[in-house]
Amino acid sequence: SANASDNVGVARVEFYRDGSTLLGTDSIAPYSIFWDTTGAAAGSHTLSAKAYDAAGNVGASAVISVNVSNITNAVPVVNAGADQTITLPASANLSGTATDDGLPNPPGVLTLNWSMVSGPGTVTFGNASALSTTASFSVSGTYLLSLSAYDGALTGLDTVSITVNPGLVAPTILTQPVNQSVRVGQTATFSVVASGTAPLSYQWQRNGVDIAGAASSSYTTPPVTLADNKATYRCRVWNSAGTVTSNSATLTIKGRK
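In this text the structure is predicted, and so the values were computed from the model without any measurement.

**Q** Help me understand the overall build of the protein chain in this model?
**A** Across its full length, the protein chain holds 0 helices and 24 strands. For 257 residues, the compact-globule estimate of 2.2 N^0.38 gives 18 Å, and the protein chain exceeds it by more than 25% at 42 Å. If one aligns the C-alpha atoms of the protein chain with their principal axes, the spans along those axes are about 145 × 25 × 25 Å. Here the protein chain, with 257 residues, has 30% of them falling under the buried criterion. Look at the contacts in the protein chain between residues 6 or more apart in sequence, and 57% of them connect residues 24 or more apart.

**Q** Could you clarify how one ought to interpret the packing of aromatic side chains in this entry?
**A** Pairs of aromatic rings are described using the distance from one ring centre to the other and the angle between the two planes. Overall, the coordinates contain 3 aromatic pairs when judged by the stated rule. With a centroid separation of 4.7 Å and 50° between ring planes, the pair formed by Phe-137 and Tyr-143 is classed as tilted. Taking relative accessible area as the criterion, Phe-137 reaches 9% and is therefore assigned buried. Every member of this aromatic cluster is reached through a ring pair, and the members are Phe-190, Tyr-219 and Tyr-233.

**Q** I'm lost on the sheet that holds strand β14 (residues 155–165) in this one. Help?
**A** Paired through their backbone hydrogen bonds, the strands of a sheet run either parallel or antiparallel. The strand order β7-β14-β13-β10 describes an open sheet built from 4 strands, whose pairing is mixed. Both edges of this open sheet fall to β7 (84–87) and β10 (111–118), since each of them pairs with a single strand only. Sheet twist, expressed as the mean angle between neighbouring strand axes with direction ignored, is 30°. Pairing between β10 and strand β13 (residues 141–150): 7 bridges, direction antiparallel. Considered in β13, the bridge of Met-116 is made with Leu-145.

**Q** For this particular structure, what's the right way to read the environment of Ser-191?
**A** Structurally, Ser-191 is set in strand β17 (residues 189–191). With 29 residues separating them in the primary sequence, Ser-191 and Thr-220 have C-alpha atoms 8.7 Å apart. Those residues within four positions of Ser-191 in sequence are excluded, and the remaining contacts are Thr-175, Gln-176, Pro-177, Trp-204, Ser-217 and Ser-218.

**Q** Sorry, what's going on with the pattern of salt bridges here?
**A** Where side chains of opposite charge bring their charged atoms close, a pairing between them can arise. Applying the stated criterion across every chain, the model contains 3 salt bridges. In this structure, Asp-18 and Arg-17 form a salt bridge, with 3.4 Å as the shortest nitrogen-oxygen distance. Ionic pairing is found between Arg-206 and Asp-228, a salt bridge with its closest N-O pair at 2.8 Å. Placement of the pair is Arg-206 in strand β19 (residues 201–206) and Asp-228 in the loop between β21 (218–220) and β22 (231–239), with a sequence separation of 22 residues. You can call Arg-206 partly exposed: its relative accessible area is 28%.

**Q** Looking at this structure, I do not really get unusual backbone geometry. What am I missing?
**A** Trans is the common state for peptide bonds, and a negative phi is the common state for residues other than glycine. In the segment running from Ala-29 into Pro-30, the intervening peptide bond is cis, with an omega of -5°. Following the sequence through the fold, Pro-30 ends up in the loop between β2 (21–26) and β3 (43–53). Here Asn-105 and Pro-106 are connected by a cis peptide whose omega angle stands at 5°. Following the sequence through the fold, Pro-106 ends up in the loop between β9 (97–99) and β10. Positioned with a positive phi, Asn-207 is a non-glycine residue whose angle comes to about 55°.

**Q** Explanation requested: the side chain of Ser-146 in the structure shown.
**A** Take Ser-146: it is sitting in strand β13. In this structure, Ser-146 is in contact with Asn-113, Trp-114, Ser-115, Val-117, Leu-157, Asp-158 and Thr-159, ignoring residues within four places of it in sequence.

**Q** Is there a simple way to think about the sheet that holds strand β8 (residues 92–95) in this case?
**A** With antiparallel pairing, the 3 strands of this open sheet are ordered in space as β8-β12-β11. Every interior strand has two partners, whereas the edge strands, β8 and β11 (123–125), have only one. For this sheet, the mean angle separating the axes of adjacent strands, direction not counted, is 30°. One ladder, built from 4 bridges, connects β8 with strand β12 (residues 132–137); its direction is antiparallel. The partner of Ser-95 across the bridge, within β12, is Ser-132.

**Q** Any chance you could explain the environment of Gly-59 here in plain terms?
**A** The residue Gly-59 is located in strand β4 (residues 58–60) in this model. Considering only alpha carbons, one finds Gly-59 and Ala-4, 55 residues apart in sequence, at a separation of 8.7 Å. Excluding its chain neighbours within four sequence positions, the residues that come into contact with Gly-59 are Ala-49, Lys-50 and Ala-51.

Definitions and limits used
Residues numbered from 1 in each chain as written. Predicted model: local features only at pLDDT ≥ 70, side-chain atom pairs only at ≥ 80, totals over all residues. Heavy atoms only, no water. Helix = DSSP H or I, 4+ residues; strand = E, 2+ residues; numbered from the N terminus. Rg over C-alpha atoms; globule rule 2.2 N^0.38 Å. Buried < 20%, exposed > 50% of the residue type's maximum accessible area, 1.4 Å probe, protein only. Contact = heavy atoms within 4.5 Å. Phe/Tyr/Trp six-rings, centres within 6.5 Å; stacked < 30°, edge-to-face > 60°. Pairing = 2+ DSSP bridges. Axes fitted to C-alpha atoms, helices over the stretch in contact; angles between N-to-C directions. Salt bridge = Lys/Arg side-chain N within 4 Å of Asp/Glu carboxyl O.

In structure tokens:
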């Protein structure tokens, strides 16, 4: 801006950069223009003004110096970390990074936020405003999480995928082995039905002692003798989440016909 006066009136005021580059003209007091410095080279420049009256007379202002620093604010650079696979009830350990050029200043700092983009359930963050935090999930499935960084003008973000497997379920006996009655020389078959997270392992026992090789959901005895009468059979079932033992079933031996 510039102040200008004349006894017959000021016709216009011209504004110059570096003595020769016309930046603009204003014919209405107060005389001013807008200079978009993004088009100027960074460094020192001079500004001056010339006032013209209706008779063509010219008056020049003093020269002032200005320093142009065209630093463009960059979008924050964000990394939400590597994709993960977890198994309930475990939480995911999130570790993100965010860098910025410090502009604009103020604020000169980043505002961080973790959020859920998509997923079959809900997500609870230990501290949604921290780069390193935890995320807990309500149900199994695939979740897409986002880490954003806001510098006061621009927002950078990145996403990470978390695959959440169902929690391990300890085995449960659904169908217990039942008592068997066979004749001498015949075989008897005992079986169980169990549920739980696969794989399930089985071990049959006779009178509380493991039977070698009896490692499936059913067990068939060798041909029985009278010595097997009243023997009991049960099955132990386990997986990585726990162990369960079935009820005992009794074998009754009848004489030959």
